Amino acid sequence: MPIRLDSADADFEQQFQHLLGGKREASDDVNATVAAIIADVRARGDQALVEHTNRFDRSGVGPETLRITAQEIADAAAHVSQDVRGALQLAHDRIWAHHEKQRPLDHIYTDQLGVTLGSRWTPVDAAGIYVPGGLASYPSSVLMNAVPARVAGVERIAMVVPTPNGQLSAAILVAAQIAGVTEIYRCGGAQAIAALAYGTQTIAKVDKITGPGNAYVAAAKRQVFGQVGIDMIAGPSEVLIIADGSANPAWVAADLIAQAEHGSGAQSILVTTEKGLADEVASEVDRQLSLLPKQAIAREGWDEFGAIITVASLHEATGLANRIASEHVELALNDPQSILALIRHAGAIFLGHHTPEAIGDYVGGSNHVLPTARSARFASGLGVLDFMKRTSILGCDPMALSELSRAAVILSEVEALDGHGRSISIRLNS
């Protein structure tokens, strides 16, 4: 059963700290296994990549069939209904329109001393996108990762996706086609991350890797960071719903279940000012779970990691929300704007009764690749800037250099870097 907490209880703080500290990820230490796989792919390239892929996915792939061909993509497209293609196109267009507004502008100016200063933004040359393909397939994740890269101006986008038993969702290939992915490879796991980071005979290395995966993928991304950039280490999904008496208990329950059905440690939390609503939601979750096709996964997530917390006020609710720093925060209120500014730590915020988190997963336009495991305290969701770098611009004419040189030489002497000082002063004597 999910835990029930009341902020008025004497032991609330202790129980809340226990909730915050609960471990929802797999406890097995996979680092050594992942390190060995990465080293093997670095040493043997395609041969190691194929061997590990066939061992874990039983996909029967060879070096010559790692890359999915244009004909295979065309064949998949023929098997996708117009309704599915239309939904993917709508999602793509909305995601593109929103992310295009994130594009930064170069800014170069000259200050009062005549020094030219500024910043210039340029995209990475190549991005690697990891798309899960194990227990479920997520064409929406293709769009959420590829579209920001395309908006940023990335020319090469290489996508890797596992194909257990040789199976691959046609919708994933169509989503990649719509999003402008330039290469698709049938491999996953730590070996695919290693291939993207270091390159093989078939897969050229990339500059940045994004996208969610299992514990092995997460560990591999940690280990290759520095060789390439990464977006984040994605943990189990999570939602926190702040609700008052205006909330519909059936709607709140449905949103809690929607998150719990992700499985693998997903967490759903309700924080409410109304004890009556808390009871109604708890009953409604039980009722709706019995109607869900995959109820076993969702029920396990709700029973093991779910929580219902009763508080005295919405202000108190926002304080708890900031401490939890959830991936998704829903404000199930008539006036969500009244507390929006108080939510400082959240991956994404969903406003009002008619904005279920699932709309953000698919067609809202915002990105669903978001910080988890309380990392919203210091991290942001995936966006255009994740595929760009900022380069500083600096320029001095003779007069500007003369104005700045004395202070610069003094600082070089303080740091005992005489060569630094000489590289400045030598220009003043010519």
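Refer to the preceding data block for the structure.
Residues numbered from 1 in each chain as written. Predicted model: local features only at pLDDT ≥ 70, side-chain atom pairs only at ≥ 80, totals over all residues. Heavy atoms only, no water.

**Structural notes on the overall build of the protein chain**
- Each helix and strand in the protein chain was counted, giving 17 helices and 14 strands.
- Along the first, second and third principal axes, the C-alpha atoms of the protein chain reach 85 × 55 × 45 Å.
- When each of the 430 residues of the protein chain is scored for burial, the buried share is 49%.
- Long-range pairs, those at least 24 residues apart, make up 73% of the contacts in the protein chain between residues at least 6 apart in sequence.
- Accessible area of the protein chain: about 20,600 Å², with a carbon and sulfur share of 53%.
- Considering the protein chain, the positive charge centre built from 33 side chains and the negative charge centre built from 48 side chains are found 6 Å apart. (Helix = DSSP H or I, 4+ residues; strand = E, 2+ residues; numbered from the N terminus. Buried < 20%, exposed > 50% of the residue type's maximum accessible area, 1.4 Å probe, protein only. Contact = heavy atoms within 4.5 Å. Areas by Shrake-Rupley, 256 points an atom, 1.4 Å probe, with all protein chains shown as cover. Lys, Arg positive; Asp, Glu negative; His and termini not counted. Charge placed at Lys NZ, Arg CZ, Asp CG, Glu CD.)

**Some details on the sheet that holds strand β7 (residues 208-210)**
- Strand order in the open sheet formed by five strands is β6-β5-β4-β7-β8, with parallel pairing between adjacent strands. With partners counted over all chains shown, the strands left at the sheet margins are β6 (183-185) and β8 (229-230), one partner each.
- Pairing analysis gives three bridges linking strand β5 (residues 156-160) to β6, with the strands arranged parallel. Paired with A158 across the bridge in β6 is E183. (Pairing = 2+ DSSP bridges.)

**Some remarks on helix α11 (residues 275-289)**
- Relative to the 21 Å expected for 15 residues at 1.5 Å per residue, α11 spans 21 Å between its end C-alpha atoms, a close match to the ideal helical length.
- Taken residue by residue, α11 has L277, A278, V281, A282, E284, V285, Q288 and L289 as its buried positions.
- Of the surrounding elements, those touching the buried residues of α11 are β1 (3-6), β9 (238-243), α10 (249-260), β10 (267-272), α12 (295-305) and β11 (307-310). (Expected span 1.5 Å × (residues − 1).)

**Focus on the sheet that holds strand β2 (residues 107-110)**
- The sheet built from three strands is open, its strands ordered β2-β3-β14 with antiparallel pairing. Because the sheet does not close on itself, it has two edges, and the strands there are β2 and β14 (388-395). The average angle at which neighbouring strand axes cross in this sheet is 20°, direction not considered. (Axes fitted to C-alpha atoms, helices over the stretch in contact; angles between N-to-C directions.)

**What about unusual backbone geometry?**
- Here R58, not a glycine, exhibits a phi torsion of approximately 50°, which is positive.
- One can find R58 in the loop between α3 (46-57) and α4 (70-78).
- Of note, the phi angle at A416 is positive, near 55°, even though the residue is not glycine.
- Structurally, A416 is set in the loop between α16 (398-414) and α17 (418-428).

**Comments concerning the nonpolar core**
- Ranked by internal contacts, the top residues of the largest apolar core, which has 40 residues, are V142, L143, V154, M159, V181 and I184.
- Of all elements in the fold, only α4, α5 (82-100), β4 (126-130), α6 (139-152), β5 and α7 (170-179) reach the threshold of two or more residues within this core.
- Looking at this core element by element, the count peaks at eight residues for α6.
- Those residues within four positions of L143 in sequence are excluded, and the remaining contacts are L88, A91, H92, I95, P148, A175 and A179.
- Core analysis: the second largest hydrophobic core is formed by 31 residues, L49, V50, C187 and A192 among them. (Core = buried A, V, L, I, M, F, W, Y, C linked by side-chain atoms within 4.5 Å.)

**Let's talk about the pairing of strand β13 (residues 348-351)**
- Where burial is concerned, the two faces of β13 differ: the one with A348 and F350 is buried and the one with I349 and L351 is not.
- Note that strand β12 (residues 328-332) and β13 share four bridges and pair parallel. Counterpart to V329 in the pairing with β13 is I349.

**Observations concerning the packing of aromatic side chains**
- Applying the stated criterion across every chain yields a total of one aromatic pair.
- Between F12 and F16, the aromatic rings sit 5.6 Å apart at their centres with planes inclined by 20°, giving stacked as the arrangement. Pair noted here: F12 and F16 are both in helix α1 (residues 12-21), with a separation of four residues, about one helical turn. (Phe/Tyr/Trp six-rings, centres within 6.5 Å; stacked < 30°, edge-to-face > 60°.)

**Let's talk about the pattern of salt bridges**
- Evaluated as defined, the whole model comprises nine salt bridges.
- Note that D6 is salt-bridged to K275, the shortest N-O span being 3.3 Å. One end of the pair, D6, is in strand β1; the other, K275, is in helix α11, and 269 residues separate them in sequence.
- One salt bridge connects R186 with E72, and the closest N-O pair in it is separated by 2.7 Å. Here E72 lies in helix α4 and R186 lies in the loop between β6 and α8 (189-198), a separation of 114 residues in the sequence.
- Beyond isolated ion pairs, a larger network of salt bridges with shared partners links D40, R44 and E51. (Salt bridge = Lys/Arg side-chain N within 4 Å of Asp/Glu carboxyl O.)

**Here we look at the side chain of T372**
- You can see T372 is positioned in the loop between α15 (357-362) and β14.
- Using a relative accessible area of 5% as the deciding quantity, one classes T372 as buried.
- Within polar-contact distance, the side chain of T372 engages the backbone nitrogen of G235 at 2.8 Å.
- Every residue in contact with T372, bar those within four places of it in the chain, is listed here: I233, A234, G235, P236, E238 and E327. (Polar contact = N/O pair within 3.5 Å; in protein donor to acceptor, adjacent residues only side chain to side chain.)

**Focus: α4**
- When α4 is considered as a whole, its buried residues turn out to be I73, A76 and A77. Viewed end-on, α4 has its buried residues packed into an arc of 100°, placing them on one side of the element. Among the exposed residues of α4, those pointing more than 90 degrees away from its buried face are Q71 and A78.
- Residues of α4 that are buried make contact with α5, α7 and β6. (Arc of directions from axis to C-beta.)

**What to know about the packing of α5 against α7**
- With their axes 10 Å apart at the nearest point, α5 and α7 run at an angle of 40° to one another. When the interaxial angle is binned, α5 and α7 end up oblique. In the packing of α5 onto α7, the handedness of the crossing is right-handed. Touching V84, R85, L88, Q89 and H92 of α5 are A171, V174, A175, Q177, I178 and A179, all from α7. (Parallel < 35°, antiparallel > 145°, perpendicular 65-115°, else oblique. Left-handed = near helix turned anticlockwise from the far one by under 90°.)

**Quick notes on the environment of P212**
- By the element assignment, P212 lies in the loop between β7 and α9 (215-224).
- In sequence terms P212 and S412 are 200 residues apart; their C-alpha atoms lie 46 Å from each other.
- Ignoring sequence-local partners within four residues, the contact set of P212 consists of Y130, P132, N145 and A234.

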